[in-house]
Every structure is written in structure tokens, then in C-alpha cells.
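Residue-level listing of the chains:
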Amino acid sequence: MDVRTLRWFQQVADGTTLTELGDVEGVAQSGISRALDRLEGEVGTPLLRRSGRTLRPTRAGLAFRRHVDAAVHELDDGLAAVQQLLDPEAGTVSLAFQPSLGTWLVPGLVSEFRAAHPRVSVELLSRQEELVPAVGGHEAVELEFTTRPPEDPTIRWRVLVREPLLLAVGPGHRWAGRGHLDLAEAAGEPFVATHPRSHLWEVTLRLCRDAGVEPQVALVCQDLPTTRAFVAAGLGVAVLPVPDAWTPTHEGLTMLHLDDARAYRDVGIAWSTGQPMLPSARLFLEHAVRRTGQDAPDRR
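Please read these numbers as outputs of a predicted model, since none were measured by experiment.

Describing helix H1 (residues 3-13)
Every α-helical turn comprises 3.6 residues, leaving residues that sit three or four positions apart pointing alike. Listing the buried residues of H1 in full gives Thr-5, Leu-6, Trp-8, Phe-9, Gln-10, Val-12 and Ala-13. The opening residue of H1 is Asp-2, an N-cap whose side-chain oxygen sits 3.2 Å from the backbone nitrogen of Arg-4. Two residues or fewer after H1 comes Gly-15, characterised by a positive phi angle close to 110°.

The structure is reproduced here in C-alpha cells:
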């Protein structure tokens, strides 16, 4: 059924004459009459009856009208929702992020973005799983803050921040007074590890093995705050990121610079090229890149 004809049926059922409707729509009265006749043919029964100069709904027309109203209302809501998404200043941005980035990078970027674009809604999703990207999958996520470069060629990834990696030791450790360290000295030290499949642990293993050290894992933690707490308790050492905004959460925790130029991890923002990016998401991507001092993102 033609949506325009359904709208005409609504107006005629409300008492609008064919002449009035034709003037408003810029359509000949005969054209509207033929369209309404076709609608009645599709329904299989008369929907309107003449009453003086106007057409009134029949009993079938009244029953049909209730469903037409509901269907057209839902259609209008859907069109409005799409228009809202297409309006960069009134859409919704869906963002996924690793928990370790939710304590410093994500809050600041989202807060600044909301202040500059108050009508844009931001949906946040904290994800423990690093191996499977949130973007480009079944989840309705357009942008993702992640430290793991994607392997999928359809997902682009732009580095936003480079976090230095330092060796964390507890207050009673013999290295607590030092400023830097070669990881080769850590042979035999117990390590507090992040979970084995995390990108941070992969980088830790690479740094240790490049220094000729096979780390002895004493404890495994699922998040950075717990890792820091265990190190502060003297239960081992750990290679941890130190973003610019990081402040020690455990008194006496010492961070030693590592004598390795590759002791860092990159934090980036990922998005899928498999579908067009909505304008509000593009607006946030440009905001994140601009605020972190990088070049404007590739628009491909």
C-alpha cells in the first residue's frame, strides 16, 4: 500500500474534502479519488461513503483507520529516528572501551564532547574481552577505544595516545629508590601478571624475552587497579602503563623507567569501514583525534 494514499485516507476520514486535500497536496482531485479507490480495492471493501461534500469512513473504514493511524505513527517515528541519527548534533554515538581506559582517557574525552555537543547522546560499553573487536561485529558499536591493533582489514585504528610502560615495585622492594631499570635485572623476580590473553601481557612478555628474561608469574589479575594493589602489597613486580593523567592509587608504589625504547603501549580508536559512519560518530572521532593532538582522521 502506498504511504501517501494512507495519509490521504487519514485526512479524508478526518473530514478534509477532496478539493481541500488536492489544493494542499498539489494533486488533482481525480488523482486522489483514484488512489482511494485502489486502496479500497486492496482492502476488499468500501472504506469511505459520501455525506454531502465530504466523505465519511464506513464501519470498515473506522476499523481500518485505527490500524492506519498506528502504522503511520510508527513510520513517522522511524523516519524521525533516522533523521536524528543523520543530524550530527542530535544523534547517538556508541562507544566501547577497555576498563583500564575508563579511569582516565574516556571520561575526559566524553565530558568535553558532551559540553561542546550537548544534544548528542553517548552510549558507553565497558568490555573485558580484547581479542574480538566490538566494532564491525554483532554489537551496535561504532567506535572503540582499544590498545590492541585490529587484525581485521576492514577495521581502521588510529593511535591517540602512547602510554609509557614502567616497572611497578612495592614500597619495601630493594629497587624502590631507583629511577630506572634494565629488565634483564628482573630475572627471578615474581611477576604480578594481567590476564594471559591481554595485550598488555603480550607486550610484557616481549619486553622480558627481548631482555633475556622469562617472567615467573606469581599472581594473575583481571584489571590494573588490582594489579597495582598486589604490587603495593609486595607480592611481585609488574609492567604497567602510566598515562599522563595517572596518579598513584597506593602509597609507596614506585614506577621505574625501563631501559628499552619499545617500553610503551599505544591506545587507539577503532571503527569499521564496512558501513558508512553516522555523522555524530564522525564528529566524536574528529573530536578524539583533535583533543589528543593527532592529525585529522582518514575519511575513507
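From this point, the discussion proceeds with the structure in view.
Structural notes on the side chain of Arg-148
With respect to the helices and strands, Arg-148 occurs in the loop between strand S5 (143-146) and strand S6 (155-169). Within polar-contact distance, the side chain of Arg-148 engages the backbone oxygen of Arg-197 at 2.8 Å. A distance of 3.3 Å separates polar atoms of two side chains, one belonging to Arg-148 and the other to Glu-202.

Some words on empty space enclosed by the protein
Using a probe with the size of a water molecule, rolled over the atoms, empty space left in the structure can be pinpointed. Evaluation of the coordinates by the stated rule reveals one cavity of 30 Å³ or more. Those elements giving two or more residues to the lining of the largest cavity turn out to be strand S8 (190-194), helix H6 (199-210) and strand S10 (238-241). Of the residues assigned to the lining of the largest cavity, the class counts are seven nonpolar, three polar and no charged.

Description of the packing of helix H5 (residues 105-116) against helix H8 (residues 279-291)
Interhelical geometry of H5 versus H8 gives an angle of 120° and a closest axis separation of 10 Å. Here H5 lies oblique to H8, going by the angle between them. H5 and H8 meet at a crossing whose hand is right-handed. Across the interface between the two elements, Leu-109, Val-110, Glu-112 and Phe-113 from H5 touch Ser-280, Leu-283, Phe-284, His-287, Ala-288 and Arg-291 from H8. Broken down by class, the residue content of the contact of H5 with H8 amounts to six nonpolar, two polar and two charged.

Points about the environment of Leu-105
Along the chain, the position of Leu-105 falls in helix H5. Measuring from C-alpha to C-alpha, the distance between Leu-105 and Ala-288 comes to 9.8 Å, with 183 residues separating the pair along the chain. Once residues lying within four places of it in the same chain are set aside, the contact partners of Leu-105 are Phe-145, Val-161, Val-267 and Thr-292.

Side note on helix H7 (residues 224-232)
Taken together, the buried positions of H7 are Leu-224, Thr-227, Arg-228 and Val-231. The arc that holds the buried residues of H7, viewed along the axis, is 100°, so those residues lie on one side. For H7, the secondary structure elements touched by its buried residues are S6, S8, H6, strand S9 (216-221), S10 and strand S12 (264-272).

Quick look at the side chain of His-287
As for its placement among the helices and strands, His-287 is situated in helix H8. The contacts of His-287, once residues within four sequence positions are left out, are Leu-109, Glu-112 and Phe-113.

Quick word on the pattern of salt bridges
For the structure on display, the rule yields eleven salt bridges. Where Glu-112 meets Arg-291, a salt bridge forms, and the shortest distance between an N and an O atom there is 2.7 Å. Here Glu-112 is found in helix H5, whereas its partner Arg-291 is found in helix H8, with 179 residues between them in sequence. Glu-112 sits in the partly exposed class, given a relative accessible area of 33%. Judged by relative accessible area, which is 45%, Arg-291 ranks as partly exposed. Via salt bridges that share partners, Asp-14, Arg-65 and Asp-69 belong to a single interconnected network.

A few points about the packing of aromatic side chains
Overall, the coordinates contain three aromatic pairs when judged by the stated rule. When the centroid spacing of 6.2 Å and the interplanar angle of 75° are considered together, the rings of Phe-145 and Phe-284 count as edge-to-face. Of the two residues, Phe-145 sits in strand S5 while Phe-284 sits in helix H8, which places them 139 residues apart along the sequence. In this structure Phe-145 comes out as buried when scored by relative accessible area, which is 0%. Members of the aromatic cluster, each reached through a chain of ring pairs, are Phe-113, Phe-145 and Phe-284. Looking at Arg-162, its charged tip hangs above the ring of Tyr-264, at a distance of 3.8 Å from the centre.

Details of the pairing of strand S4 (residues 121-126)
The pairing of strand S3 (residues 92-97) with S4 spans six bridges and is parallel. Across the sheet, the residue bridging to Phe-97 is Ser-126, located in S4. Traced from S3 through H5 to S4, the parallel crossover comes out right-handed.

Considering the environment of Gly-236
Considering the arrangement of structural elements, one finds Gly-236 in the loop between H7 and S10. C-alpha of Gly-236 to C-alpha of Glu-189: the two residues are 47 residues apart in sequence and 7.1 Å apart in space. Excluding residues within four positions of it along the chain, Gly-236 makes contact with Pro-190, Val-192, Phe-230 and Val-231.

Calculation criteria
- Residues numbered from 1 in each chain as written.
- Predicted model: local features only at pLDDT ≥ 70, side-chain atom pairs only at ≥ 80, totals over all residues.
- Heavy atoms only, no water.
- Buried < 20%, exposed > 50% of the residue type's maximum accessible area, 1.4 Å probe, protein only.
- Helix = DSSP H or I, 4+ residues; strand = E, 2+ residues; numbered from the N terminus.
- Polar contact = N/O pair within 3.5 Å; in protein donor to acceptor, adjacent residues only side chain to side chain.
- 1 Å grid on protein atoms, 1.4 Å probe; cavity = no way out; pocket = protein on both sides within 12 Å on 5 of 7 lines; lining within 4 Å.
- Points joined across faces, edges and corners; volume = space filled by probe spheres on them.
- Nonpolar A, V, L, I, M, F, W, Y, C, P; charged D, E, K, R; others polar.
- Axes fitted to C-alpha atoms, helices over the stretch in contact; angles between N-to-C directions.
- Parallel < 35°, antiparallel > 145°, perpendicular 65-115°, else oblique.
- Left-handed = near helix turned anticlockwise from the far one by under 90°.
- Contact = heavy atoms within 4.5 Å.
- Arc of directions from axis to C-beta.
- Salt bridge = Lys/Arg side-chain N within 4 Å of Asp/Glu carboxyl O.
- Phe/Tyr/Trp six-rings, centres within 6.5 Å; stacked < 30°, edge-to-face > 60°.
- Lys NZ or Arg CZ within 6 Å of the ring centre and 35° of its normal.
- Pairing = 2+ DSSP bridges.
- Right-handed = clockwise from strand over helix to strand, strands pointing away.

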